[in-house]
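# Secondary and tertiary structure notes
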Amino acid sequence: MKSIIRTILFTVLCLAIFKGVSTEQWGSSITVIIVSGILLLVTFISAKSSRGSSAYTGSDSSVSSSSNPSHSHTHCSGGDSGGGCD
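Notes on the structure in this doc start here. This is a predicted model, so every value here is computed, not measured.

### Observations concerning the side chain of Thr43
Secondary-structure assignment places Thr43 in helix α2 (residues 26-53). You can call Thr43 buried: its relative accessible area is 14%. At 2.6 Å, the side chain of Thr43 forms a polar contact with the backbone oxygen of Leu40. The contacts of Thr43, once residues within four sequence positions are left out, are Ile5, Arg6 and Leu9.

### Topic: helix α1 (residues 2-23)
Each turn of an α-helix holds 3.6 residues, which means side chains three or four residues apart point in the same direction. Helix length check: α1 (22 residues) gives 31 Å between terminal C-alpha atoms against 32 Å at 1.5 Å per residue, within 8%. Among the residues of α1, those classed as buried are Arg6, Leu9, Leu13, Ala16 and Gly20. Around the axis of α1, the buried residues are gathered within 95° of arc, so they sit on the same side. Seen from the open side of α1, the exposed residues pointing more than 90 degrees away from its buried face are Ser3, Ile4, Leu15 and Phe18.

Rules behind the numbers
- Residues numbered from 1 in each chain as written.
- Predicted model: local features only at pLDDT ≥ 70, side-chain atom pairs only at ≥ 80, totals over all residues.
- Heavy atoms only, no water.
- Helix = DSSP H or I, 4+ residues; strand = E, 2+ residues; numbered from the N terminus.
- Buried < 20%, exposed > 50% of the residue type's maximum accessible area, 1.4 Å probe, protein only.
- Polar contact = N/O pair within 3.5 Å; in protein donor to acceptor, adjacent residues only side chain to side chain.
- Contact = heavy atoms within 4.5 Å.
- Expected span 1.5 Å × (residues − 1).
- Arc of directions from axis to C-beta.

Encoded structure:
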């Protein structure tokens, strides 16, 4: 969805610049250039900040390590009862 919005904003920005260059009347084009440029920057900034906030969306590391079968019987009890490993 953001790709579509970015494409539309970039197209509007290019068309406004082209209109300003071809007609040499920058009065109305400069407003469109500023607004679309700011909105385009906002879409990139918001995408970067949302990507950084959700660095890992998988399961919890403590849950995944406790369900690992190779580490399920590593606790050995010592003391008077003889202990040993399970």
